[in-house]
Amino acid sequence: MTRRRATNWGLNALTYLVLIVMLAPIGWLILSSLQTNGALSSGEYDVFSPTFEAFSGMWKSVDFGHYFANSLIICGAAALFATLFAASAGYALARFRFRGHRAYSLTVIGTQLIPGSLFLLPLFIGFIWLRQNTPISLYDTRIGMILVYTAFFTPVAIYFMRSFFQAIPRDLEDAAMVDGCSRFGAFVRIVLPNAAPGLVATFIYAFLFAWDELLFVQALTESRAETIPIGIHNFIAGYAQEYAQLMAAGVVSTVPVIVAFYATQRWLVRGMTAGAVKG
Amino acid sequence: MASIDTVTTSSGPAVPPDPPAQAGRARPRRGHGWRRDRFAYALIAPAVLFMVAIHLLPTLGGGVLAFKNLNTFTFSQLFGAPWAGLRNFEAILFDDANPLHNGFLNAAGNTAVYTVVTVAGVLIGGLLIALLLNREFPGQRIVRTLMLAPWVVPSFVVAVLWGFMWQSDVGIVNKVLVDYTGLLDDRPVWLLGPNSLWAIIIPSIWRGLPFCMLIFLAGLQAVPKELHEAAAIDGAGPIRRFFYITLPLLRPLIAVQLLIQVIYAAYQFTIPWIMLGTNPGEHADLLMTLIVRQSFSNNLFGFGAAASVIVMLAMSLWVVVWLAAFRRDLETQR
């Protein structure tokens with residue numbers, strides 16, 4: 001029995017050790033952002049006198065506010081549209097065996113197989129063509145990026161929403177329709193409110209992915225609609241030695257997604273693991 | 001979905017088997033199937049519209065570009081650029097004299113190593129941590145929650161942070177390896193040369209691990225306790241129970257993660273591009289960084305599209321292999 005307790009104790013210790021190792025890089029990011037540049041380049045950290053110098057400097061070195069605002073607007077709008085489209089498409093997939101059901105759900109997964117570069121190049125050339133030949137301006141505009149990201153993250157969002165709808169009992173809608181609701185009325189007034197946690201989780205999930213997207217934004221923008229990853233890239237290009245500010249920029253770009261994730265973590269985890277427990 | 005399935009299948013035997021000419025499946029209950037279909041089509045319409053506009057048409061466009069000679073000189077013609085026939089593909093796959101051929105083979109090799117090592121690390125590490133977290137221990141909830149944090153850190157921040165940690169002189173990695181523990185005598189250079197592939201693999205594993213861990217943990221929690229208890233009574237030790245109970249039950253989950261993670265890793269772009277620059281160098285150049293660089297920096301759009309088509313075909317081949325290997329697991333799960 002004592003041997004078993006010792007193993008148990010050892011495994012607990014190992015668990016905490018793994019957690020510390022996994023979190024260490026994040027701790028290092030935060031710690032480094034609170035140092036002066038001199039401390040970082042000499043490697044002599046002064047842990048006990050943190051400074052917020054880097055956090056005030058980073059906004060001046062590159063126009064970080066511009067990138068930040070673009071990211072918030074583009075990712076927020078795209079995640080919102082993707083969630084709305086996914087809510088209705090996910091509901092259709094969860095509830096109705098319509099003709100083409102299987103083909104459609106396979107197509108939705110199939111989109112994930114396409115290398116981004118394959119549809120990025122024609123999109124880029126299409127955007128340039130539109131700019132040259134029509135008054136429609138999508139290249140280097142927020143609207144263009146919102147369109148692309150909405151389509152981009154809709155497929156994953158559909159699967160997310162579908163799993164939430166599958167968990168809602170059908171009887172709810174049937175009862176509403178007996179009471180005279182139309183199908184659409186039942187969907188909007190009964191199903192959607194019950195799927196609220198799913199809507200929030202899907203929105204955050206799409207937002208997290210959009211926030212991290214680099215491939216498309218680096219090709220389809222050049223100055224006006226650039227988002228944070230491009231800002232970070234420009235920062236490295238122009239201020240390679242300003243490590244403290246770079247780390248501060250890293251912290252600032254992580255805070256929104258960390259907060260969003262942990263605020264909605266319960267529902268998000270449910271959506272992410274929905275496929276794991278049952279097909 | 002389950003309820004619909006049972007409805008259609010339970011009405012199945014009553015309906016005579018459809019002759020092929022009719023081509024219709026058993027209609028759902030309540031005679032007005034078409035109206036119900038119409039409602040479903042209206043629900044999927046917005047998503048379909050966007051996917052046609054941003055996924056389908058451009059993908060077809062990419063297929064067309066692969067056969068075009070679109071470069072600096074013909075760029076002004078956009079989609080009207082002259083046809084190149086199969087020349088783009090020939091140049092990439094067979095032309096030893098063409099630098100793009102070597103570049104492509106090199107990037108394909110790097111991507112293969114990157115993908116295999118990263119996916120193996122993510123799956124094995126994720127499973128091991130999930131096993132650790134599936135036990136009862138003090139602080140269980142908070143540890144499980146915090147373990148997800150690396151997955152939430154954006155890839156571009158991961159690249160910046162690790163790029164800083166890999167610095168040869170002041171980076172924490174070398175400080176630990178050389179100065180603090182003395183494991184190594186010389187300071188390795190991580191961001192240049194052969195080590196640079198590891199400089200992108202390790203952060204990728206670090207960031208990808210928590211997601212896999214979460215999926216496997218959910219799967220482990222669904223394994224009935226009685227199975228383990230019964231096997232333990234029969235004298236099976238923890239290791240045998242893992243290989244004979246846990247692993248077979250997790251197989252469908254492992255299969256799905258394998259599929260997703262391989263595709264995700266093969267298309268990696270952000271981490272090398274931010275950490276090592278638009279040209280990560282021959283040791284860490286991946287397919288996506290190569291295609292983007294040749295397309296947008298050197299205006300070789302025809303090359304980029306053709307290379308993308310080849311990559312897509314290779315991925316489709318992987319899906320076919322995967323289906324052949326795991327089809328049975330997916331069926332038994334349903």
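For clarity, every value in this text was computed on a predicted model and none was experimentally measured.

### Comments concerning the overall build of chain A
For chain A, the count of helices and strands is 14 helices and 0 strands. Scanning chain A from its N terminus toward the C terminus, one meets helices and strands in the order α-α-α-α-α-α-α-α-α-α-α-α-α-α. For chain A, whose C-alpha radius of gyration is 23 Å, the value lies well above the compact-globule estimate of 19 Å for 279 residues. By its C-alpha atoms, chain A is 80 × 70 × 35 Å across when sized along the principal axes. Taking as baseline every contact in chain A between residues at least 6 positions apart, the subset at least 24 positions apart corresponds to 78%.

### Remarks on the environment of B:R207
Residues and elements named next belong to chain B. Within the secondary structure layout, R207 lies in helix α9 (residues 195–221). Taking the number of C-beta atoms within 10 Å as the measure of exposure, R207 has 23 and is therefore buried. On a C-alpha basis, the gap between R207 and F39 in space is 41 Å, while along the polypeptide they are 168 residues apart. Here R207 is in contact with P150, W151, V153, S155 and V158, once residues within four sequence places are set aside.

### Considerations on the confidence of the model for chain B
All names here are of chain B. Here chain B shows a mean pLDDT of 85. Residues at 70 or above account for 88%. When mean pLDDT is taken per element in chain B, helix α6 (residues 149–152) scores highest with 96 and helix α1 (residues 2–10) scores lowest with 34. The model gives residues 1–31 a pLDDT under 50, and that stretch makes 19 contacts with residues more than four places away or in other chains. Scored as a complex, the prediction yields pTM 0.89 and ipTM 0.92.

### A closer look at unusual backbone geometry
Phi is positive for A:D140, close to 60 degrees, though the residue is something other than glycine. In this structure, A:D140 sits in the loop between α6 (116–133) and α7 (142–166). In this structure A:D140 comes out as partly exposed when scored by C-beta crowding, with 17 C-beta atoms within 10 Å. In this model, B:N299 sits at a positive phi of 55 degrees, which is unusual for a non-glycine residue. Topologically, B:N299 is positioned in the loop between α13 (287–297) and α14 (301–333). Residue classification places B:N299 among the partly exposed residues on the basis of 16 C-beta atoms within 10 Å.

### Remarks on the interface of chain B and chain A
Counting residues at the interface gives 81 residues for chain B, matched by 81 residues for chain A. Here the side of chain B that touches chain A takes 19 residues from helix α2 (residues 33–65) of chain B, the largest share from any one element. Across the side of chain B that touches chain A, the residue classes break down as 61 nonpolar, 15 polar and 5 charged.

### Section: the environment of B:L276
Residue and element names in this part refer to chain B. Residue placement: L276 occurs in helix α12 (residues 270–276). It is 9.5 Å that separates the C-alpha atoms of L276 and V160, two residues lying 116 residues apart in sequence. Beyond its immediate chain neighbours, meaning those up to four positions away, L276 contacts L191, S196, G281 and A284.

### What about the packing of α7(A) against helix α10 (residues 196–211) of chain A?
Residue and element names in this part refer to chain A. In the contact formed by α7 and α10, the axes pass within 9 Å of each other and the chain directions differ by 145 degrees. Seen along the crossing, α7 lies across α10 with a hand that is right-handed. Across from Y149, F153, A157, F160, M161 and F164 in α7, the residues of α10 making contact are G198, A201, T202, Y205, A206, F209 and A210. Classifying every residue of the contact of α7 with α10 by side-chain character gives 11 nonpolar, 2 polar and no charged.

Conventions adopted
- Residues numbered from 1 in each chain as written.
- Chains lettered and ligands numbered in written order.
- Predicted model: local features only at pLDDT ≥ 70, side-chain atom pairs only at ≥ 80, totals over all residues.
- Helix = DSSP H or I, 4+ residues; strand = E, 2+ residues; numbered from the N terminus.
- Rg over C-alpha atoms; globule rule 2.2 N^0.38 Å.
- Contact = placed C-beta atoms within 7 Å.
- Buried ≥ 20, exposed ≤ 12 C-beta atoms within 10 Å, placed from the backbone.
- pLDDT = per-residue confidence, 0-100.
- Nonpolar A, V, L, I, M, F, W, Y, C, P; charged D, E, K, R; others polar.
- Axes fitted to C-alpha atoms, helices over the stretch in contact; angles between N-to-C directions.
- Left-handed = near helix turned anticlockwise from the far one by under 90°.

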